[in-house]
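# Chain and residue survey
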Amino acid sequence: MTSAHRFVAPPGADGSTAHADSVAARPRVTRRERTRANDEAILDAAVERIRVAGVDALSMREVADRAGLTSGATYARYENAIELAIDVWTRRCQGPVMGLIADSLTLLFRPEPARMASVARRLTKPDAVLRAGIELLAVSRRVSARFTSTCGRSWFREKRTWRSASAAPSTS
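Just so it is clear, the model here is predicted, and its values are computed rather than measured. (Residues numbered from 1 in each chain as written. Predicted model: local features only at pLDDT ≥ 70, side-chain atom pairs only at ≥ 80, totals over all residues. Heavy atoms only, no water.)

## Some points on the pattern of salt bridges
Counted according to the given criterion, the structure contains 12 salt bridges. With a shortest N-O distance of 2.5 Å, R122 and D103 are connected by a salt bridge. Remark: D103 occurs in helix 5 (residues 81-109) and R122 occurs in helix 6 (residues 113-124); sequence separation between them is 19 residues. One connected set of salt bridges, linked through shared partners, spans E40, D44, D87, R91 and R92. (Salt bridge = Lys/Arg side-chain N within 4 Å of Asp/Glu carboxyl O. Helix = DSSP H or I, 4+ residues; strand = E, 2+ residues; numbered from the N terminus.)

## Regarding the side chain of T106
With respect to the helices, strands and loops of the structure, T106 is situated in helix 5. Within the local environment of T106, its side chain forms a polar contact with the backbone oxygen of A102, the two atoms lying 2.8 Å apart. At 3.3 Å, the side chain of T106 forms a polar contact with the side chain of R115. (Polar contact = N/O pair within 3.5 Å; in protein donor to acceptor, adjacent residues only side chain to side chain.)

## Some points on the nonpolar core
Counting residues in each nonpolar core, the largest one holds 28 residues, and the members touching the most others are I42, I50, L58, V63, L84, V88 and L136. Among the elements of the structure, helix 2 (31-53), helix 3 (60-67), helix 5 and helix 7 (128-143) are those that each provide at least two residues to this core. Take this core: its biggest share by element is nine residues, from helix 5. (Core = buried A, V, L, I, M, F, W, Y, C linked by side-chain atoms within 4.5 Å. Buried < 20%, exposed > 50% of the residue type's maximum accessible area, 1.4 Å probe, protein only.)

## Side note on helix 5
The end-to-end C-alpha separation of helix 5 is 39 Å, in line with the 42 Å expected for 29 residues at 1.5 Å each. C93 marks the point of greatest bend in helix 5, at about 65°, and the proline P96 comes within the next four residues. One side-chain oxygen at the N-terminal end of helix 5 lies 3.1 Å from the backbone nitrogen of I82; it belongs to N80. (Expected span 1.5 Å × (residues − 1). Bend = angle between axes of the 7 residues up to and from the residue.)

## Description of the confidence of the model for the chain
Per-residue confidence for the chain gives a mean pLDDT of 80, with 66% of residues at or over 70. Counting interchain partners and residues more than four positions distant, the pLDDT-below-50 stretch residues 161-172 has eight contacts. (pLDDT = per-residue confidence, 0-100. Contact = heavy atoms within 4.5 Å.)

Rendered as structure tokens:
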């Protein structure tokens with residue numbers, strides 16, 4: 001019997017440089033760049049999962065699937081979903097949420113039309129990060145004491161003199 005399979009030479013085996021040229025044309029991605037891209041993909045997937053289903057439904061496996069990675073890659077970075085949620089808060093959500101709170105509090109003492117419009121827009125049409133951040137902040141005490149301390153106590157402590165500074169009459 002003769003074999004129905006035919007040998008196909010790999011690209012470049014005939015002396016052509018087609019394969020070598022295509023390999024050389026691809027940019028070299030370093031391990032550090034791949035790691036950073038994977039970290040960002042995990043955080044993006046976690047933000048989206050929190051936005052869609054809430055913190056209680058945050059699953060390491062689903063985040064890994066959504067990020068296009070193995071669950072092992074996710075567990076190599078985070079021990080559990082709470083640790084991932086803390087990192088999502090710290091690296092993605094804390095700034096936008098605390099900025100919204102600061103702008104809202106400022107409006108109590110200095111009502112500025114532009115700031116009011118900005119706060120109203122962010123509250124009526126929040127982006128995924130702001131939605132996830134509000135969810136994280138809202139459930140932080142129930143999720144973990146460790147998470148609560150990360151979520152903003154220090155930020156509010158830093159702002160304790162804020163009220164007196166904000167209440168001062170503006171010089172404009």
